[in-house]
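Letter by letter, the chains look like this.
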Amino acid sequence: MKKLVIIGGGIAGLTAGIFAQKNGFESIILEKHHTLGGECTGWDRQGYHIDGCIHWLVGTKKGTPIHDLWTTVGAMDGVEVYDPESFMAFEHGDVTVHFYRDLERLKTSWFEMSPADKGAIDQFCQTIKQLHSFEIPVGKPMDMMNPIEKIKFMLSMKDAGLVMQKYGKISLIEYAKTFKHPALQAALASFLPEGYSASSVFFGLASFTKGQASIPVGGSKAMAMRMVERYLSLGGTIEASSEVVKLIIEGKNVQGVVCKNGASYAADYFIAACDAHLLYEQLLEGKFSDPAFQLRYNNPVDYPLASNMYISLGYAGSMDGIPRSLRFPVNSLQINKVSIEHLQITHYGYEPDFAPAGHTVMTCAINQFYSDYDAWKTLASDSKAYNQEKARIGQAVQCAMETRFPQMRDKLKVLDVASPITYERYCNAYRGAFMAFLPTIRGKEVAHTGRIRGLHNIFLSGQWLQPPGGLPVALITGKDTIARLCKLEKRPFVSH
Ligand SMILES: Cc1cc2nc3c(=O)[nH]c(=O)nc-3n(C[C@H](O)[C@H](O)[C@H](O)COP(=O)(O)OP(=O)(O)OC[C@H]3O[C@@H](n4cnc5c(N)ncnc54)[C@H](O)[C@@H]3O)c2cc1C
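Numbering of residues starts from 1 in every chain and runs along the sequence as written. Only residues with pLDDT of at least 70 get local features here, since the model is predicted, and only at 80 or more are side-chain atom pairs given and counted; chain-wide, interface and lining totals rely on the full set of residues. Note that water and hydrogens are dropped before the side-chain values are worked out from all heavy atoms of the structure.

**Focus on the pattern of salt bridges**
When their charged atoms lie close together, side chains carrying opposite charge are able to pair.
Line of reasoning, step 1. Within this document, salt bridges are pairs made up of a side-chain nitrogen of Lys or Arg and a carboxyl oxygen of Asp or Glu, the two lying within 4 Å of each other. On inspection of all chains with the given rule, the structure shows 21 salt bridges.
Line of reasoning, step 2. Between Glu 91 and Arg 404 there is a salt bridge whose closest N-O contact spans 2.7 Å. You can see Glu 91 sitting in strand E7 (residues 86–92) and its partner Arg 404 sitting in helix H14 (residues 383–404), a full 313 residues away along the chain. Put simply, DSSP marks the helices as runs of H or I at least four residues long and the strands as runs of E at least two long, and each gets a number from the N terminus on.

Here is the structure:
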C-alpha cells in the first residue's frame, strides 16, 4: 500500500484523506491545531457556541452533484438543512432591502420600493434565474478530461460563461450604480467585500434562491467532525497538534516531513492541504515557486485578500423577527483609521444548542484588507495593546447593537474577538485570509492543478487552487488531488 502524508486537516485535507482511504492509500493527516476542520470550525465561550464559518454552504440541495459529494465525505449525510428566509437584509435610512430566497418576493419588494428601477430589477432577477441552470462542477478536473469531455464541459458552462462575460469585468460598486434608488445602490455595493466583481453577486444569489446555499444544522464544527468520523471509519490516521515545519527533499522527491514536536513521517506521496504561501515560501523555502502564485502575491491590488475581525456576542433574549443576517449603518466606529460604515450581524436563533435557554448567540464579521493586516501584525507584537484594541472593538460593536436595538441594552456581552492575526495563528492563513484571492475585474481566475514544478510526489490542495476559495473548492480540490494521484499510480479513481 502506498503511504500518503496529508499536511493540514481542514476540509480539503479531510476530503483528500477520505478519498485516499477509499482508493487504497494508507494515509495520515498531520494537523497543526488540536482540533480538525481548519477554518471550518466553531468554539465555545461562556456557555455559547460560536460558529466560525458557514454563513452559506454551496451544496445543500439534495439530488445535485455537489450535495452528493458532501454526502460521500460524511458532511451532509442525513443532515437537516436550515433555509433562511433572506440572504441578508440591508437597512438604509428608513427602508430595508431584503435579498429574499423567494426570487418573486425579492422582485416584488424591490419594485414596491423603487418603481423607477423596474428595468434594472427585471434584469437582475433574470440573470439570477439564468444561473439557476449552473451547478458548480464536481466531476473530473479539466486537466484530466479528454477533448470530448472538455467540449461537453464547456457547453455545460454556457450560461455561467455569458454572465461572466457581461458582469465579470464590472465592479460590484459600478454595477450598483445602474440602480436609481439609493437603498438598492447601497445594498448591492456592500453585498460582498470591496473589490469583488459584479458576477459574484449573481452566482451567490443564484445558488441561494434555488436552495443550493443554505446551512447544515449543527453548523461548521459539527460538519467538520462528521468528516473526521468518516475518515477514521475508513481506517485513516490523524495526528493533531503536529505542525509540519520542514520537508526533507532529495532530488525531485519529498522523502519525509518533520513536525515542530520532533516527530517525522516518511511517505510515497505528500499533499499540502494547507495555506499555499506557507507551502511555497516556508516549507519549500522559496525554491520551487510558482509563477501563477507569485503573480498574485506580488499584485495585491488586482488579487486582494480579505481577512476578518470576527466579534461574537451573547444576548439574554430572543432574536425572533430579526433577519438571520442583517446589515445596518453605524456611526463612529474606526478600525485602523478606517471608518466602518455598516455592521453585519448573523444570529443563530435557529440553533437552540448554541446558547443557554432563552439566550441567542450572534457574530459580526468586519472585513479587513491589506493595510489592516499590517496594522494588526505590528500591534500584535505588544500583546497588551493588541488585546486592548480587540476589547475596544468588541465594546464598540456591543454599543452599536444596543443603539440599533435598544431592547438589548444591558443584555449583551462580548464573548470573543478574533482578528486577522487569530486566523494566521490558528490556521497559518496567509495574511489572515479567510478565502483565496477575491475575484476582481482585473484579476484572472484560473484553476491550478496543485502540481509543484520540479517535484514529483507532492501536491498542493485546498481553497487556494480555485479562487475565490470557500468550502466547496476545498472539498472539490481535496477529491481532485486524489484523482490525480490515482492517475499517476495508473489505477481507476473510486469516487463514491
Ligand atoms: C469567518 C469565516 C467565514 C466563512 N464563511 C464561509 C461560508 O459561509 N461559506 C464558504 O464556503 N466558506 C466560508 N469560509 C471559507 C472556508 O472556511 C474556507 O474556504 C475553507 O474552510 C478552506 O478550507 P481548506 O481546507 O482549503 O483550508 P484551511 O481551512 O485553511 O485548512 C488548512 C489546515 O491546515 C492546517 N495547517 C496549516 N499549516 C500547517 C502545518 N504546517 N502543519 C500542519 N497543519 C497545518 C491548518 O491548521 C488548517 O487546519 C469562511 C471562513 C471564515 C474564516
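On we go.
**Comments concerning the packing of helix H4 (residues 118–130) against helix H9 (residues 199–209)**
Line of reasoning, step 1. For helices, the fitted line uses only the C-alpha atoms of the stretch in contact; every axis is such a line through C-alpha atoms, and the angle between N-to-C directions lies from 0 to 180 degrees. Running from N to C, H4 and H9 point in directions that differ by 65 degrees, and their axes come no closer than 8 Å. Here H4 lies roughly perpendicular to H9, going by the angle between them. As for the relative orientation of H4 and H9, their crossing is right-handed in sense. Contacts between H4 and H9 involve Phe 124, Thr 127 and Ile 128 on the former and, on the latter, Val 201, Phe 202, Leu 205, Ala 206 and Thr 209.
Line of reasoning, step 2. Residue type decides the class: Asp, Glu, Lys and Arg count as charged, Ala, Val, Leu, Ile, Met, Phe, Trp, Tyr, Cys and Pro as nonpolar, and the leftover types, Gly among them, as polar. By residue class, the composition of the contact of H4 with H9 is 6 nonpolar, 2 polar and no charged. When describing relative orientation, an angle under 35 degrees is termed roughly parallel and one over 145 degrees roughly antiparallel, while 65 to 115 degrees is termed roughly perpendicular and anything else oblique. Each crossing gets its hand from how the near helix is turned against the far one by less than a right angle, where anticlockwise is left-handed and clockwise is right-handed. Throughout, a residue-residue contact means that at least one pair of heavy atoms, one from each residue, lies within 4.5 Å.

**Some thoughts on the site of the ligand**
Line of reasoning, step 1. With respect to spatial proximity, 37 residues lie near the ligand, and among them Glu 31, Glu 39, His 55, Val 244 and Gln 463 are the closest.
Line of reasoning, step 2. Ala 12 has a polar backbone atom sitting 2.9 Å from an oxygen atom of the ligand.
Line of reasoning, step 3. A 3.5 Å cut-off defines polar contacts: any pair of N or O atoms within that distance qualifies, except that in protein one atom must be a possible hydrogen donor and the other a possible acceptor, and neighbouring residues in sequence count only when both atoms are side-chain atoms. Here a nitrogen atom of the ligand sits 2.9 Å away from a polar atom, N or O, in the main chain of Val 244.
Line of reasoning, step 4. Broken down by secondary-structure element, the contributors of at least two residues to the shell around the ligand are helix H1 (11–22), strand E15 (307–315), helix H15 (420–427) and helix H16 (471–488).
Line of reasoning, step 5. Within the shell around the ligand, the residues separate by chemical class into 21 nonpolar, 12 polar and 4 charged.
Line of reasoning, step 6. Inspection of the shell around the ligand shows a minimum of three residues originating in each of domain 1 (3–40 + 56–78 + 216–301 + 442–488) and domain 3 (307–432). Summary of the distance rule: residues count as near a molecule or strand when at least one heavy atom falls within 4 Å of that molecule or strand. An automatic or database domain assignment provides the domain bounds reported here.

**Brief notes about unusual backbone geometry**
Line of reasoning, step 1. Omega for the bond connecting Pro 467 with Pro 468 falls within 30 degrees of zero, at 5 degrees, which places this linkage in the cis form.
Line of reasoning, step 2. Tracing the backbone shows Pro 468 in the loop between strand E20 (458–460) and H16.
Line of reasoning, step 3. Although it is not a glycine, Asp 410 adopts a positive phi angle of roughly 65 degrees.
Line of reasoning, step 4. With respect to the helices and strands, Asp 410 occurs in the loop between H14 and strand E19 (412–418).
Line of reasoning, step 5. Exposed residues in this analysis have more than 50% of their type's maximum accessible area, buried residues have under 20%, and partly exposed residues fall in between, with area computed by a 1.4 Å probe over protein chains only. Judged by its relative accessible area of 75%, Asp 410 falls in the exposed class.

**Considerations on the domain arrangement of the protein chain**
Line of reasoning, step 1. Domain boundaries in the protein chain define domain 1 (3–40 + 56–78 + 216–301 + 442–488), domain 2 (85–210) and domain 3 (307–432).
Line of reasoning, step 2. Using only C-alpha atoms to locate each centre, domain 1 and domain 2 end up separated by 30 Å.
Line of reasoning, step 3. In this assembly, 18 residues from domain 1 lie in contact with 15 residues from domain 2.
Line of reasoning, step 4. Summed over both sides, the interface between domain 1 and domain 2 buries roughly 1,300 Å², with carbon and sulfur atoms accounting for 68% of that surface.
Line of reasoning, step 5. When the buried area of domain 1 at its contact with domain 2 is split by residue, Trp 56, Ile 476 and Arg 484 rank highest and sum to 30% of it.
Line of reasoning, step 6. Scanning the region where domain 1 abuts domain 2 turns up 1 salt bridge.
Line of reasoning, step 7. Salt-bridge contacts for Arg 484 lead to Asp 143; the nearest nitrogen and oxygen are separated by 2.8 Å.
Line of reasoning, step 8. At the junction of domain 1 with domain 2, the criterion picks out 4 residue pairs in polar contact (both at pLDDT 80 or more).
Line of reasoning, step 9. Put simply, the parts of the chain that give the side of domain 1 that touches domain 2 at least two residues each are helix H2 (65–72) and H16. Buried area is understood as the total, over both parts, of accessible area removed when two parts are fitted together, assessed with a 1.4 Å probe.

**Brief notes about H9**
Line of reasoning, step 1. Taking burial as the measure, the 11 residues of H9 include 10 buried ones, the bulk of the element.
Line of reasoning, step 2. Looking at H9, one finds that the buried residues are Ser 199, Ser 200, Val 201, Phe 202, Gly 204, Leu 205, Ala 206, Ser 207, Phe 208 and Thr 209.

**Concerning the packing of H1 against helix H10 (residues 219–233)**
Line of reasoning, step 1. Interaxial distance between H1 and H10 falls to 9 Å at its minimum, and their mutual angle equals 25 degrees. The angle between H1 and H10 falls in the class roughly parallel. As H1 runs across H10, the sense of the crossing is left-handed. Along its contact with H1, which presents Ile 11, Leu 14, Thr 15, Gly 17, Ile 18 and Gln 21, the element H10 presents Ala 224, Met 227, Val 228, Arg 230 and Tyr 231.
Line of reasoning, step 2. Classifying every residue of the contact of H1 with H10 gives 7 nonpolar, 3 polar and 1 charged.

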